[in-house]
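# Reading the structure
Chain by chain, the residues run as shown.
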Amino acid sequence: MKSLAKNAVAISMLLATIMNLPAWAQSNGPNHSGSAPTQIAQTLTPGLGANTGFEHHRTAVGDVRLHYVRGGEGEPLILLHGWPTTWWEWHKVMPGLAENFDVIAVDTRGLGDSTRPESGYEKDVLGEDIVALASKLGLTRFSIAGHDLGGQVAFSIARNHPDMVQRLAILDVPLMGMPYSEALAPWHFAFNKVPDLPEALTQGRERFFLDQFWSGFTYNPRGFEEADIQEFLRTYTAVGAMNAGFNYYRAFDNDAAVNKAWFEAGNKLEMPVLWLGGEGTEEADIAGAGIISTGNLLGLQLENAATDLRGESFAGCGHWLASECPERTEALLQNFFKGN
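Because the structure is predicted, anything quoted here is derived from the model rather than measured.

## Comments concerning the pairing of strand β6 (residues 165-171)
Sheet faces and side chains relate simply in a regular strand, where the side chains alternate between the two faces. Among the 7 residues that make up β6, 6 are buried, leaving the element largely enclosed by the rest of the structure. In this structure, strand β5 (residues 142-147) lies alongside β6, joined through 5 bridges in parallel fashion. Directly across from alanine 145, in β6, lies its bridge partner alanine 169. As a crossover connection, the stretch from β5 through helix α5 (residues 149-160) into β6 is right-handed. Bridge count between β6 and strand β7 (residues 273-278): 4 bridges; the pairing is parallel. From the neighbouring strand, leucine 168 faces β7, where its bridge partner is valine 273.

Right under this line is the structure:
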């Protein structure tokens, strides 16, 4: 009941704030002339430099056309982003990882430059998208790292296709339906699940709303550079993108039921598993939300669900590990995926 009351208060505060925003705060960016949305929409997806070897691709799998960026040599390593970001959240660590791995950073269903079907946002369905993509690329075994909601998708893939997943890394996200998941209830979990209302209240105000996560969920309030935010806005202001993102949260009840049934049946992940969590500070918290990162929660959730588990939380780093603490994140991923 306390968590419900807390969510109700947080949502009420958010609604009051959004509905009373001055006109300048409701724009999609710092340009107040009204031209920002068009400029964002016309900006091309960035690359990682001419000498990095990364290239953009699009491949149809089932009812969705997935966009992904691929480069490097070695064993395949799939990277899955969270919300509200895209593949670009990994860009600081991708060149280094590509020195040892065939890196494939995917825009998941509905987000980034992938297409936006009306349904299919349960994490098991999203996982099947990635498995189908891997099959089309000729991959029978791969490692995978997922952050935030991408971590939930990565967990589903490992749970449903253990024979395909060589190593699994999950970064800073609670796993719905697993032990201790009810201990964490940030306000947006409830708000984003409400039918239709989030779309209505955030249309034309995407920058203000999403910056609560880009800035508020960081140890350093500017963990993302302005160029990063503009790249995220380029796709999150596109038609259907906010709806798709909210649908990830509307599938939480289904995700929880599936994960809980798997765990209570006594199943365990047998591949090596790495968890990473941000630590955060009270000073960086936003609007009494009570959390900006998961700390050691993943370790508690997975301690009886994986036979080969290791991990740590980062002091001085918030939710966006690969952006705020790229050197530490890359080093840990490199070491883990090399088999150390």
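Past the structure itself, the notes keep going.
## Some words on the environment of asparagine 243
Tracing the chain through its elements places asparagine 243 in helix α10 (residues 241-250). In this structure asparagine 243 comes out as partly exposed when scored by relative accessible area, which is 31%. Separated by 127 residues in the primary sequence, asparagine 243 and arginine 116 have C-alpha atoms spaced 9.0 Å apart. Asparagine 243 has contacts with Glu199 and Arg250, leaving out every residue within four places of it along the chain.

Analysis parameters
All residue numbers here refer to positions counted from 1 along the written sequence of the relevant chain. The predicted nature of this model means local features are confined to residues of pLDDT at least 70 and side-chain atom pairs, given and counted, to a pLDDT of 80 or more, with totals for whole chains, interfaces and linings taken over all residues. The side-chain numbers reported here are obtained from all heavy atoms of the structure, hydrogens and water having been left aside. Burial classes follow relative accessibility: with a 1.4 Å probe on protein chains only, a residue under 20% of its type's maximum area counts as buried, one over 50% as exposed, and anything between as partly exposed. Counting from the N terminus, the helices are DSSP H or I runs at least four residues long and the strands are E runs at least two residues long. Should DSSP find at least two bridges between two strands, the strands are taken to pair. Every crossover in which the path from the first strand over the helix to the second runs clockwise, viewed with the strands pointing away from the viewer, is termed right-handed. Contacts were defined at the residue level, with two residues in contact if any of their heavy atoms lie within 4.5 Å.

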